[in-house]
Amino acid sequence: GALPPLIYLLRHEIKAVQEQAVGALRNLSVIPENKNRIAKEGGVPPLILLLKSNVDKIQELAACTIHNLSAGSVLNQHNIVRDGGLVPLISLLASRNETTVEQSIGALRNITLVDENKLKLVAEGGLLPVLTLLRFDRESIQEHATGTVWNLSTHPENELKIVQEGALP
């Protein structure tokens, strides 16, 4: 199949090759059957590395792919956090690229459907950046940020922290 070579190319030294490979995986990750296949073939760790790329478009496409992989897959929601995806996704919430922000907060919204990930996001310093997005101009970003806060608030250990960080006036 095409997945192993595409995943291999995510680590290519030439950025244009990385961009094309992650773009192809972004498109393929929309198909439900491919979500777990991409993860099973080892696609999550190199995608997480691409979240740290110095090329905006690569970051955007990697965030979008991770958002897609995290949608409706508890296994991928666990794997993304296990493989170190939480901190890079939180960091991208401050990106100048609004699409990257939208895809990153969308992934975090999905990832925080898992109870242990709700605590991990807060422990990694993700609460304040998420709350900051509640005031963002773009409606889709506000929607994902609100959904993430909702997910976080369902864990008793997060309730007071959310209020202390300023979620309520």
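In the block above lies the structure referred to throughout.
Residues numbered from 1 in each chain as written. Predicted model: local features only at pLDDT ≥ 70, side-chain atom pairs only at ≥ 80, totals over all residues. Heavy atoms only, no water.

**Student:** I'm lost on the overall build of the protein chain in this one. Help?
**Tutor:** The helix and strand inventory of the protein chain stands at twelve helices and zero strands. For 169 residues, the compact-globule estimate of 2.2 N^0.38 gives 15 Å, and the protein chain sits close to it at 15 Å. For the protein chain, the spread of C-alpha atoms along the three principal axes comes to 50 × 30 × 25 Å. Looking at the protein chain as a whole, 49% of its 169 residues qualify as buried. Within the protein chain, contacts between residues at least 6 apart in sequence are counted, and of these 67% link residues at least 24 apart. When the accessible surface of the protein chain is totalled, it reaches about 8400 Å², and 54% of it is carbon and sulfur. Side chains of the protein chain carry 16 positive and 18 negative charges; the gap between the two charge centres is 4 Å. (Helix = DSSP H or I, 4+ residues; strand = E, 2+ residues; numbered from the N terminus. Rg over C-alpha atoms; globule rule 2.2 N^0.38 Å. Buried < 20%, exposed > 50% of the residue type's maximum accessible area, 1.4 Å probe, protein only. Contact = heavy atoms within 4.5 Å. Areas by Shrake-Rupley, 256 points an atom, 1.4 Å probe, with all protein chains shown as cover. Lys, Arg positive; Asp, Glu negative; His and termini not counted. Charge placed at Lys NZ, Arg CZ, Asp CG, Glu CD.)

**Student:** Quick question: what am I supposed to make of the environment of isoleucine 31 here?
**Tutor:** The topology assignment puts isoleucine 31 in the loop between α2 (15–28) and α3 (32–40). On the basis of relative accessibility, which here comes to 36%, the residue isoleucine 31 falls in the partly exposed class. Here the alpha-carbon distance between isoleucine 31 and leucine 6, two residues 25 residues apart in the chain, equals 16 Å.

**Student:** Would you mind going over helix α8 (residues 98–111) with me for this structure?
**Tutor:** One turn of an α-helix holds 3.6 residues; hence residues three or four places apart share an orientation. An ideal rise of 1.5 Å per residue puts 20 Å on 14 residues; α8 measures up with 20 Å between its terminal C-alpha atoms. If you follow the buried residues of α8, they end up packed against α5 (56–70), α6 (74–82), α7 (86–91), α9 (115–123), α10 (127–132) and α11 (139–153). Capping the start of α8, asparagine 97 holds a side-chain oxygen 2.9 Å from the backbone nitrogen of threonine 99, two or three residues further along. (Expected span 1.5 Å × (residues − 1). Polar contact = N/O pair within 3.5 Å; in protein donor to acceptor, adjacent residues only side chain to side chain.)

**Student:** Sorry, what's going on with the nonpolar core here?
**Tutor:** Note on soluble globular proteins: their nonpolar side chains tend to be buried together. Counting residues in each nonpolar core, the largest one holds 43 residues, and the members touching the most others are Ile66, Leu89, Ile105 and Leu108. The element contributing the most residues to this core is α5, with six residues. Non-local contacts of leucine 89, meaning those with residues more than four positions away in its chain, are made with Leu51, Ile66, Ile80, Ser104, Ala107, Leu108 and Ile111. (Core = buried A, V, L, I, M, F, W, Y, C linked by side-chain atoms within 4.5 Å.)

**Student:** Can you walk me through the packing of α6 against α9 in this structure?
**Tutor:** Between two packed helices, the angle of one axis relative to the other and the distance separating the axes together describe the packing. Put simply, α6 and α9 touch, their axes get as near as 10 Å, and they point 30° apart. Viewed along their axes, α6 and α9 adopt a mutual orientation that is roughly parallel. As for how α6 packs across α9, the hand of that crossing is left-handed. Listed contacts from α9 to Gln77, His78 and Val81 of α6 are Glu116, Asn117 and Lys120. Of the residues contributing to the contact of α6 with α9, the split by class is one nonpolar, three polar and two charged. (Axes fitted to C-alpha atoms, helices over the stretch in contact; angles between N-to-C directions. Parallel < 35°, antiparallel > 145°, perpendicular 65-115°, else oblique. Left-handed = near helix turned anticlockwise from the far one by under 90°. Nonpolar A, V, L, I, M, F, W, Y, C, P; charged D, E, K, R; others polar.)

**Student:** What exactly am I supposed to notice about the pattern of salt bridges here?
**Tutor:** Opposite charge on two side chains allows them to pair when their charged atoms are near. Tallying each qualifying case throughout the model produces six salt bridges. Taking the shortest distance from any N to any O, the salt bridge between glutamate 60 and lysine 57 comes out at 3.1 Å. Residue glutamate 60 and its partner lysine 57 are located together in helix α5, separated by three residues, close to a single helical turn. With relative accessibility at 36%, the residue lysine 57 sits in the partly exposed group. Residue glutamate 102 is joined to arginine 138 by a salt bridge in which the shortest nitrogen-to-oxygen separation is 2.9 Å. Residue glutamate 102 is located in helix α8, and its partner arginine 138 is located in the loop between α10 and α11; the two are separated by 36 residues in the primary sequence. Here glutamate 102 falls in the buried class, since its relative accessible area comes to 15%. A relative accessible area of 27% places arginine 138 in the partly exposed class. Here the salt bridges share partners, and the residues they tie into one network are Glu98, Glu102 and Arg138. (Salt bridge = Lys/Arg side-chain N within 4 Å of Asp/Glu carboxyl O.)

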